[in-house]
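Fold and contact review
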Amino acid sequence: MPADVGAIQVKDLNTTHFQFQQAADHLGLSEELRALLLTPYRELTVQIPVKLDDGRLVVFNGYRIQHNGARGPYKGGLRYHPEVDHDEVLSLASLMTWKTALVGIPMGGAKGGVSCNPRNMSVSEIQRLTRAFVSKIHLVIGPYRDIPAPDVNTNPQIMAWIMDEYGKLHGFNPGVVTGKPVSLGGSLGRNEATGRGVALVTAAYGKRKGPKVQDARVVIQGFGNVGSHAAVILEEMGAKIVAVGDIEANIFNPNGFDAKKLAAYALQNRSLKGFPDGEEIDPATLLELECEYLIPAALGGVITKFNADKIRAKVIVEAANSPTTTNADLVLEDRGITVIPDILANAGGVTVSYFEWAQNIQQYKWDLNRVNTELENILIAAFDKVLDCAEKEKSTLRVAAYLLAIQEVSEALTLRGVL
Ligand code: GLU
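Attention in this report is confined to the structure presented alongside it. Just so we're clear, the structure is a prediction, and the values are computed from it rather than from any experiment. (Residues numbered from 1 in each chain as written. Predicted model: local features only at pLDDT ≥ 70, side-chain atom pairs only at ≥ 80, totals over all residues. Heavy atoms only, no water.)

Around the ligand there are 14 residues in total, and Lys75, Lys99, Pro150, Asp151 and Ser353 lie nearest to it. Pro150 places a main-chain nitrogen or oxygen 2.9 Å from a nitrogen atom of the ligand. Side-chain polar atom of Asp151 to a nitrogen atom of the ligand: 2.8 Å apart, as the coordinates give it. Calculation on the ligand without its partners gives an accessible area of 300 Å², and the protein chains cover 95% of this total. Listed by contribution, the elements that provide at least two residues to the shell around the ligand are α3 (86-103) and α12 (348-362). Broken down by element, the shell around the ligand gets its largest block of residues, three residues, from α12. Along the lines of polarity and charge, the residues of the shell around the ligand split into four nonpolar, five polar and five charged. (Near = heavy atom within 4 Å. Polar contact = N/O pair within 3.5 Å; in protein donor to acceptor, adjacent residues only side chain to side chain. Areas by Shrake-Rupley, 256 points an atom, 1.4 Å probe, with all protein chains shown as cover. Helix = DSSP H or I, 4+ residues; strand = E, 2+ residues; numbered from the N terminus. Nonpolar A, V, L, I, M, F, W, Y, C, P; charged D, E, K, R; others polar.)

What follows is the structure, given as structure tokens:
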């Protein structure tokens, strides 16, 4: 880009930048368009002072980054985690742009987060933190502006506080946030939507390319909202959940666990630790077990150049955002291990978020059957498009997914007259 006029110099290739550039090279995208699509529309960093229960005042850092809004209001989750920082939120915001474009929902991409450790905070501390955060970002969010949702360590209760705090400042408007409790304008099926989407896409892959999910051995890393629902639904489809892991325990059972029991146990104990019927293994071993489908469903960057050559899964389904580093991706490609990319595999969550938003602005509630049917239609159509494109371009599924998404966003920018 022209440095003489002080234009932004896009540098520092992290995983999402690299993935974008790989597809942009394939498309022969101009430098202008790359600069536009790699830089965010708006970044907000805020200070969040919170009184802890013991009276101490602490200050947290909060972020909301709006990456691209060419196709509609910004959309994306809020993450509460000690590792949240500007660069992570920016990468995740860009993933949302490609995700919404790929599945064709009329929204852009954003992400937010607070650098904090909610595991060591009380419910009332988390409520105060959330309300204070909303009071700092309320001017840049809104039902036609930017719509947050749950992500790592955030949940329907937190979304309810966001709706309430935003309502105090702008009047009642449930469409400002999705992933709310069903009794407060949330959509039926939203809670399990990401996990359901992971299962649907896995089954669709199995049907077209094999191995079929019936009797397939599945390993799931991360057993929160996404991993646990994916496990239950995949089991209903006939798969065998042979190993699961969370932050405290990793367990293996070659005969397959009872996924419903596992999910109920994890919900009740907030961990898999102590679950009977399984052998405890270490976290590294979990990722390296022989299986048909490996589903990383926790944090980013868990499949790296250090373990990619030891993975013995046939297919990796990215339920988490950005679980595979660029170096690992290249090793996996070399080894013939297919990766179903995050922007496709975990798009079920934002898709049902869109349904929730549509229900809120129409003030009309859908039944669960409608939610699940429309979710399946959208995801399977996107899946087929990605697979067809990858076959035509002889590319990985990730490159194909990015190609399709970049084309959608570029077209919107062109039609708006930005380009
Ligand atoms: N946090 C989820 C994601 O990464 C859902 C976002 C949303 O529903 O807006 O896709």
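What follows picks up the thread again.
Read across the sheet, seven strands follow the order β10-β9-β8-β7-β11-β12-β13 without closing on themselves; strand pairing throughout is mixed. Edge positions in the sheet fall to β10 (279-280) and β13 (338-340), since each has one partner strand and no second. When strand β12 (residues 312-317) meets β13, the two strands line up parallel, connected through three bridges. Each bridged residue has a counterpart across the sheet, and for Val317 the counterpart in β13 is Ile340. (Pairing = 2+ DSSP bridges.)

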